[in-house]
Structure formats: structure tokens, C-alpha cells
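# Results of the structural survey
This is what each chain is made of:
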Amino acid sequence: MIGQLEDILAQLIELRERAIAELEGITTSAQLDEWDTRYLGRNRGELKNISAVMPKLTKEERPVIGQKINTVKAALEQALKDRREALKQREMLQRLEQERLDVTLPGRTLPAGHMHPLSRVIQESTDIFVRMGFQIVQGPEVETDYYNFQALNVPTDHPARDMQDTFWVAPGEILLRTQTSPMQIRSMKRQRPPIRVVVPGKVYRNEALDASHEAVFHQIEGLLIDEYCTMADLKGVLERFAHEMFGPERRLRFRGSYFPFTEPSAEVDISCASCNGTGCRVCKYTGWLEVLGSGMVHPKVLREVGYDPAKYRGFAFGMGVERIAMLKYGVSDIRLFSGNDLRFLRQF
Ligand code: 2U9
């Protein structure tokens, strides 16, 4: 039986060498699985086939062969494990190579827009008034004749009510608001004094268009109502606004004027920043630029919303946003703001 023993040992050595040599050439995990089944498979694996002779061996031979089989099995299992590990490593390196990412490449910057100059002026102005305790309110652009004119003491025969000056939706009844004041009337009717509101928004006027007039423009109007309130308070608020908006060295000048909804009324000029008030082309050699209108709220307007003019008084002011922006940024034509020309807009 010695011949059979040597034969089996030779088979085992041959099997180990063949299997290991074959393993060297394997490049995919599918091939590895196939190799595993072929040599180490529990069912028809080659090693299993050799083990099948065990029962035919003598008691003395069995442990010799059994040990040898185990050694070969362990060697093949180790080789398989090493190969699997090596393949995994190789596959990872391949993936790293394929999915290579250059983190030093410069990023792609997306073009970013910015605020329209008018939005900026509205934002800056309302911020200034909010810091002084005013509330920002907004309202409809389509209004009734009552809120836009009647409640504001604008008489029926006033030229503003003319077909030529107002865009009527239903003549005599519904219109595109010519000022943001209807919203102040609503605010007053909604609550009792003290009132401090600022209303920014679009307004519409049917006028001849030129470098300083547009049919659609923006206004900021303010209103303060309280028991104790004088023109000195109005001056203080507007001076603070002008200093924050145009710089602390600017001076204000109040000129008597007339508006149906305020009495007394004043137009407010700011000292010209270009010449510091000495006179230049910008201020037409007057040293002053008109920035806004203002006044003490007319008793008739107070009475209209149910306030007792003997108890309450207030001041109001109004300004054109485009005009403020033109003065602040040195823009010479109002139409540039609605022209959507990027060469203009990109300068802000
Ligand atoms: C109420 C009472 C009074 C608002 C006022 C002005 C003076 C004014 C103009 C500035 C330039 C309009 O845009 S513009 O053309 N505005 O001069 N506005 S007082 O007075 C009010 C508002 C609401 C209840």
C-alpha cells in the first residue's frame, strides 16, 4: 500500500502547485469564486475528491494523509485569501485612478446679481425711519377716489383729478394711486394715535415724460400723529434722514409751500453736495436741491379719519425715490432706472 500513499501525496503536491499557479493569473473576483469551488468546493472540489480515498486507507496511513490534506487545504485557503486581498487593493487603485478628482482646479463662479438702485434707496431710507421708530406699511396700487383724493382734502375741481393727470380705471371712482397717501388714511382709520408709519411704493401719474418725469415712479411717504407734535419734530426727523442718507455735513432749508393735505406746508431743500452750497451746475447755481415735500397734517384730514384736531396733530412728508437716487448717485435721467440697461445697472 506504500505505492498508493506516495501516489496520493504526489497528487496533493501537484494539486497545490497547479492551484497556486492558476491563482496567480486570476484578475477578477468572479474567477476567484470559480477557483474556490473548483479546488476547495465542499461538493466536487478537487481536494474533496482526493479525500474520498481516506476510507480505503489503513489506520496508520489515514492520519498521514489527513494531515497532509489539511496542510494543503490551509495553504490553498491562505493563498485564496491573499489573492482576494491583492485583487481588492488593485480594484481600489483602479477606481481611484478612474475617478481621479483634481481638488486644486479653480471653482466655477456663478454670475451673481445685485439689488436695483431704487430697491437699495427704498431699503436704506426705510431702515433709517425704522430706526426712528416708524413702521413700514404697504398697500394696493389700485385705489378708490375716496382714499386717493377725497380723504386727503383734494377738492373735486383740483387739477390732479383731471383725466389728464390721473390714470383712471373707472373714471371718478377707481384709479391707479397718484401717491402712497391712501395707505396712511387706512392706517389712521385702523388704529388710534400715536401713529408712525412710512409707506414706500409705486405710484402713477399721467404726465408728459422727460428726463425728470416718469408715468410710473416710486414714493416714500411718512406720517406721524400724536398729542404733542410740532413742526420742530418734523424738522428733526427729516434732518436725521438727510444726514444718514446724504452725509452729516448736509444742511436743510424749509420753504413755505402748499399741499391740500398739509397746513402749513413746506418744500425741503438740501445743500448741494457738489459745491457744498456755493453754487454750481448741479444745483443751477442756487446751492440747494429740492428733495421732498412736507407739512403738518391738515385738520380736515384728521377729522375725516375720526381724530379730534384739538387733541391730535401730526406731520407728513413725501419724497420721490427716483429723485433721491438721482441725487445720491449723480444720475441725470430718471428713465435710466426703468430702462433695464445692464451697462447702467452694473454701476451700482
Ligand atoms: C396724509 C397726510 C398728508 C404727504 C406729503 C408731500 C408733502 C410731497 C411729493 C414729493 C415728491 C410727491 O413724489 S413727489 O412728487 N410729496 O410733497 N407729500 S406732504 O402728506 C400726507 C400724506 C398722508 C394722511
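Residues numbered from 1 in each chain as written. Predicted model: local features only at pLDDT ≥ 70, side-chain atom pairs only at ≥ 80, totals over all residues. Heavy atoms only, no water.

For the coordinates displayed, the defined rule picks out 18 salt bridges. The residue R38 makes a salt bridge to E34 at a minimum N-O spacing of 3.8 Å. On the criterion of helical spacing, the pair formed by R38 and E34 is a turn pair, its members being four residues apart in helix α2 (residues 29-40). Assessed through its relative accessible area of 31%, R38 is described here as partly exposed. Overall, the relative accessible area of 48% leaves E34 in the partly exposed class. The salt bridge involving R186 is made with E143; its shortest N-O contact spans 2.7 Å. Placement of R186 in helix α7 (residues 181-190) and of E143 in strand β2 (residues 142-144) is noted, with a sequence separation of 43 residues between them. You can call R186 partly exposed: its relative accessible area is 24%. In this structure, a network of salt bridges that share partners links the residues R253, R255, E267, D269 and E290. (Salt bridge = Lys/Arg side-chain N within 4 Å of Asp/Glu carboxyl O. Helix = DSSP H or I, 4+ residues; strand = E, 2+ residues; numbered from the N terminus. Buried < 20%, exposed > 50% of the residue type's maximum accessible area, 1.4 Å probe, protein only.)

A word on helix α4 (residues 61-98). With 38 residues, α4 extends 55 Å from end C-alpha to end C-alpha; this agrees with the ideal 56 Å at 1.5 Å per step. Looking only at α4, the buried set comprises E61, I65, G66, I69, V72, L76, A79, L80, R83 and L87. (Expected span 1.5 Å × (residues − 1).)

Quick look at the site of the ligand now. By nearness alone, 19 residues border the ligand, and Q219, F259, G293, A316 and G318 come closest of all. Within the side chain of Q219, an N or O atom sits 2.9 Å from an oxygen atom of the ligand. Elements with a minimum of two residues in the shell around the ligand: α7, β6 (216-226), β9 (288-297) and β10 (313-320). The leading source of residues in the shell around the ligand is β10, at five residues. (Near = heavy atom within 4 Å. Polar contact = N/O pair within 3.5 Å; in protein donor to acceptor, adjacent residues only side chain to side chain.)

Turning our eyes to something else, we now look at the environment of V331. Locating V331 in the fold gives a position in the loop between α10 (321-329) and α11 (342-345). Overall, V331 belongs to the buried group, its relative accessible area being 10%. Taking the C-alpha atoms as reference points, V331 and F344, 13 residues apart in sequence, are found 9.7 Å from one another. Non-local contacts of V331, meaning those with residues more than four positions away in its chain, are made with M326, L336, F337, F344 and F348. (Contact = heavy atoms within 4.5 Å.)

Right, let's get into the nonpolar core. Counting 42 residues, the largest nonpolar core has F129, F134, F241, F315, F317, M319 and F337 as its most contacted members. Sorting the residues of this core by element identifies α5 (117-131), β6, α8 (231-246), β8 (262-271), β9, β10, α10 and α11 as the ones contributing at least two each. The biggest single contributor to this core is α8, with seven residues. Non-local contacts of M319, meaning those with residues more than four positions away in its chain, are made with F129, H218, Q219, I220, F241, V291, L292 and I324. Counting 24 residues, the second largest nonpolar core, distinct from the first, contains I185, M188, F261 and V297. (Core = buried A, V, L, I, M, F, W, Y, C linked by side-chain atoms within 4.5 Å.)

Okay, the domain arrangement of the protein next. For the protein, the assigned domains read domain 1 (2-98) and domain 2 (117-345). A straight line from the C-alpha centre of domain 1 to that of domain 2 covers 95 Å. (Domains from an automatic or database assignment.)

Before going further, it helps to spend a moment on the pairing of β10. β10 sits mainly inside the fold: seven of its eight residues count as buried. Of the strand pairs in this sheet, β6 and β10 are connected by eight bridges, and their pairing is antiparallel. Residue pairing for β10: I220 is matched across the bridge by M319. (Pairing = 2+ DSSP bridges.)

So, about the UniProt feature "coiled-coil region" (unreviewed entry) in the protein. UniProt's entry tags residues 69-99 with the feature "coiled-coil region" (unreviewed entry), counted in the numbering of this structure. Taken end to end, residues 69-99 is 97% helix and 0% strand, and its two terminal C-alpha atoms sit 44 Å from one another. (UniProt positions renumbered as here; feature names shortened; annotations may be inferred.)

Attention shifts here to the packing of aromatic side chains. Summed over the entire model, instances satisfying the criterion amount to 13 aromatic pairs. Ring geometry for W35 and Y39: centres 5.3 Å apart, planes at 50°, overall tilted. With W35 and Y39 both in helix α2 and four residues apart, the pair spans about one turn of that helix. Per residue, the accessibility class of W35 equals that of Y39, and both read buried. With centroids separated by 5.1 Å and ring planes inclined at 70°, the aromatic side chains of F344 and F348 adopt a geometry described as edge-to-face. The burial state of F344 is the same as that of F348; both residues are buried. Of the aromatic side chains, those joined through ring pairs into one cluster are F129, F134, F241, F315 and F317. (Phe/Tyr/Trp six-rings, centres within 6.5 Å; stacked < 30°, edge-to-face > 60°.)

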